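Observations on the model geometry
One letter stands for each residue in the lines below.
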Amino acid sequence: MAEVWEDLRKRARSLENTIEAKLASFNKLNTGNNQGTNPGLSSRQSLFERLDSEINTLITELSSINDEMADHIAHHSTLGPSSWTSTPAVQHTLRRHRDILRDYTVEFNRARSNIRSQLDRENLFSTSSSFRDKDESLGLNNRTKISDYALKEHEHISSTDRLLDEQLGMASATKENLARQKISMGGISVRMQQIARKYPMLNSVMQKIQTRKRRDTIILAGVISSSMSALRPIICPSILNADLAMLGKECEKMLAYGADWLHLDVMDGHFVPNLTFGPPLVESLRKQLGPKPFFDVHLMVSDPLFWVKPMASAGASSFTFHWEAAYEKGGDGEVKEILKSIKENGMRAGISIKPKTPLEKILPYCEQIDMALIMTVEPGFGGQKFMEDMMEKVRHLRKNYKNMDIQVDGGVTVDNIDVCATAGANVVVSGTGIIKAADPTAIIEKMRLSINKALLN
Ligand SMILES: O=C(CO)[C@@H](O)[C@H](O)COP(=O)(O)O
C-alpha cells in the first residue's frame, strides 16, 4: 500500500521536475523582438506549438497522478481511522502536490497567453508590412484603418484568452475542492458505518440524518480538512518600497498580483534610524481596501506595548514586535504583557529579532506566538543585501516548531527564495524583489512554488 503511494509520489515529483524545465524553455520564447521581419518567427512559432502541446500533456498526466493519489487515500481510509492514509501528513502531501499543479497550470496559462500575444503581434507587423509593399494604391487612411482593425482584433483575441485562463483556473480550483471533499467523506462514512454496525436499531435513523445532513457534512468536512492544514506559503510584499504617494493603489495592485498579506513596516526613528507611518495610515488603508486584506504590521518601535491598541483599532491583522525593544523596556514581563495584549485585541502575535540577536532569546515565547520573524537585514531600510547566515536560525526554529509560521524579511528575492524555503521559512517578506519586478505576479508565483516544494519534503 505504502509502496504504491511512494511510487505515485515519485512519479508526481519527476513530472513536476520535467514540467518546470519545459516551462523554463517556454518562458524564454517570450523574449523575442517586436519587429515584423524577425527571421526566427516561424521557428519560434513551431517551438511554441511543440512545447505548448508537450506541457499540456504533462500537466494532464500530473493531474491524473494527483487524482490517483486522492483515490488511493480515499480507498485506504475505508480501512478505518487508524489507516496510515488518514494521517494529516499524507493529506498534507497531497495538498502540496495539488498546489504545485495549480501553480504550474497558472504559470503555463499566463506564459502561453503572453507568448501567443507576442507572436500574434509579430505576425501582425509582418502582415501589415507586406500589405504596404503589395498595395501601394491604398491611401494612408486606409492603411491606418487596416492596422487599427487588426490591432482591435488582436486585443479581442487576447482578452478572450485571458477569460479562458481565468475559467480554467476556477475549474481546477473546483476540481481540487471536490477531491478534498471526497477524501474527507470517505473517512466520515467509515466511521458512520462502524457506529451503524454497533447499534443496528439506530441504523435507519442514522440513514435519515445522513441524507438530510449530507450537504452540511460536506461543508464541515471541508472546514475540518482545511483547519488540519499545517503550513502554507504566505507571500507578503513590503509596501515600504512602493510609491508611497499612491499607497492605496499600490496595495490594490499587489493584491491583484497575488500577494497573500500586505507587510506594513512601522518605524519610529528611535528603534531604527528611519521614520515611516503609524495607525492613521493603517486606518486609511483599511478604509480603502476593505476588511478582507491581511495587514501584517511589523513594529520597529521602542515601545511596542503602547501601539498594540491603536494598531488593533486601525485594522491591523497581525502585530509583530521586536524582542530587543520589549526586553529593553521591561524584561521578560514586558514581552509577556505585549503578547497578552495582542491576543486580547484580537490580532495574531509575532516576535522578531535583529540579525545580531541570538535565537535563544525568543525561544521561551515560541509556544505563545503565531509567527517568528527572522530579520535577514539590519531593520530600517529596503533594498539591502540578504544575510544568508540567518538561515541557521530558521532551520533551528523549523526543526523544533513544525507548525509555526516562520517569516523572513530583508533582501529576499527569487534568487534566494529556495535558500529561505529549504531552511523552513514559509512566510516571505519581499520589498524590492516584488515591487520593483517587471512581472510581480510571476515572482509571487515562483516564491509560492518554491515554498510549496520545500513544504512537501
Ligand atoms: O523591514 C524591512 C526593513 O527594515 C523590510 O520589510 C524591507 O522593507 C524589505 O525590503 P527589501 O529588503 O525586500 O527590499
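Anything mentioned here points back to the structure above.
So, here is what we can say about the structure in this document. All residue numbers refer to positions counted from 1 along the written sequence of the respective chain. Totals for whole chains, interfaces and linings use every residue, but because this is a predicted model, local features are given only for residues with pLDDT of at least 70 and side-chain atom pairs only at 80 or more, for both listing and counting. The side-chain numbers reported here are obtained from all heavy atoms of the structure, hydrogens and water having been left aside.

1. Comments concerning the site of the ligand
Around the ligand sit 20 residues in total, of which Asp265, Gly380, Gly411, Gly431 and Thr432 are the nearest. Contacts to the ligand include Asp265, whose side-chain N or O atom sits 2.8 Å from an oxygen atom. N or O atoms closer than or at 3.5 Å make up a polar contact, with two conditions inside protein: a donor-capable atom paired with an acceptor-capable one, and, for residues adjacent in sequence, both atoms drawn from side chains. Here Asp409 contributes a side-chain N or O atom positioned 2.8 Å from an oxygen atom of the ligand. Using the Shrake-Rupley algorithm and a 1.4 Å probe, accessible areas are obtained, with residue cover drawn only from the displayed protein chains. Coverage of the ligand by the protein chains reaches 100% of its 380 Å² of free accessible surface. Strands are runs of DSSP state E lasting at least 2 residues, helices are runs of H or I lasting at least 4, and numbering of each runs from the N terminus. If one sorts the elements of the shell around the ligand by residue count, strand S2 (residues 261–267) sits on top with 3 residues. A single heavy atom is enough: if one lies within 4 Å of a molecule or strand, its residue is considered near that molecule or strand.

2. A short note on the pattern of salt bridges
For this analysis, a salt bridge means a side-chain nitrogen from Lys or Arg found within 4 Å of a carboxyl oxygen belonging to Asp or Glu. A full pass over the atoms with the stated rule returns 24 salt bridges. In this structure, Glu68 engages Arg11 in a salt bridge whose closest nitrogen and oxygen atoms are separated by 4.0 Å. Placement of the pair is Glu68 in helix H2 (residues 41–77) and Arg11 in helix H1 (residues 2–28), with a sequence separation of 57 residues. The salt bridge involving Lys356 is made with Glu378; its shortest N-O contact spans 3.7 Å. With Lys356 in the loop between strand S5 (348–353) and strand S6 (371–375) and Glu378 in the loop between S6 and helix H11 (391–400), the pair connects residues that are 22 residues apart, well separated along the chain. Only protein chains enter the accessibility calculation, which uses a 1.4 Å probe; a residue whose area is less than 20% of its type maximum is buried, one above 50% is exposed, and one in between is partly exposed. For Lys356, a relative accessible area of 72% gives the class exposed.

3. So, the sheet that holds strand S8 (residues 427–430)
Pairing is parallel across the open sheet formed by 8 strands, whose spatial order is S1-S8-S7-S6-S5-S4-S3-S2. The sheet terminates laterally at strand S1 (234–237) and S2, the two strands that pair on one side only. When strand polarity is set aside, the average angle formed by the axes of neighbouring strands in this sheet is 20°. Here a strand pair is declared whenever DSSP counts at least two bridges between the two strands. With 4 bridges joining them, S1 and S8 adopt parallel strand pairing. Bridge pairing in S8 links Cys236 to Val429. Note on contacts: a residue pair qualifies if any of its non-hydrogen atoms lie within 4.5 Å across the two residues. Between N-to-C directions, angles cover 0 to 180 degrees, with each direction set by a line fitted to C-alpha atoms, over the stretch in contact for helices. In the packing of helix H8 (residues 279–289) onto the sheet, the strands contacted are S2 and strand S3 (294–300), and the crossing angle to S3 comes to about 170°.

4. A few points about the environment of Ile100
Turning to its location among the elements, Ile100 is positioned in helix H3 (residues 88–134). A sequence separation of 87 residues divides Ile100 from Arg13, and the C-alpha atoms of the two residues are 10.0 Å apart. For Ile100, the residues in contact, after removing those within four places along its chain, are Glu16, Leu449, Asn452, Lys453 and Leu456.

5. Some thoughts on the side chain of Glu445
Looking at the element boundaries, Glu445 is found in helix H14 (residues 440–456). Discounting residues that sit within four places of it in the chain, Glu445 has contacts with Val106, Glu107 and Arg110.

6. Digging into the packing of aromatic side chains
Aromatic rings from Phe, Tyr and Trp, taking only the six-membered ring of Trp, are treated as a pair when their centres fall within 6.5 Å; an angle between ring planes under 30 degrees marks them as stacked, one over 60 as edge-to-face, and anything in between as tilted. Evaluated as defined, the whole model comprises 5 aromatic pairs. Pairing Phe26 with Phe48 gives two aromatic rings, centres 5.6 Å apart and planes at 15°, and the pair type is stacked. You can see Phe26 sitting in helix H1 and its partner Phe48 sitting in helix H2, a full 22 residues away along the chain. Looking at Phe26, the relative accessible area reads 0%, which means it is buried. For Phe48, a relative accessible area of 5% translates into the label buried. Seen from their ring centres, Phe306 and Trp307 are 4.9 Å apart, and the 85° between their planes marks the pair as edge-to-face.

That's the geometry; what it means functionally is another story.
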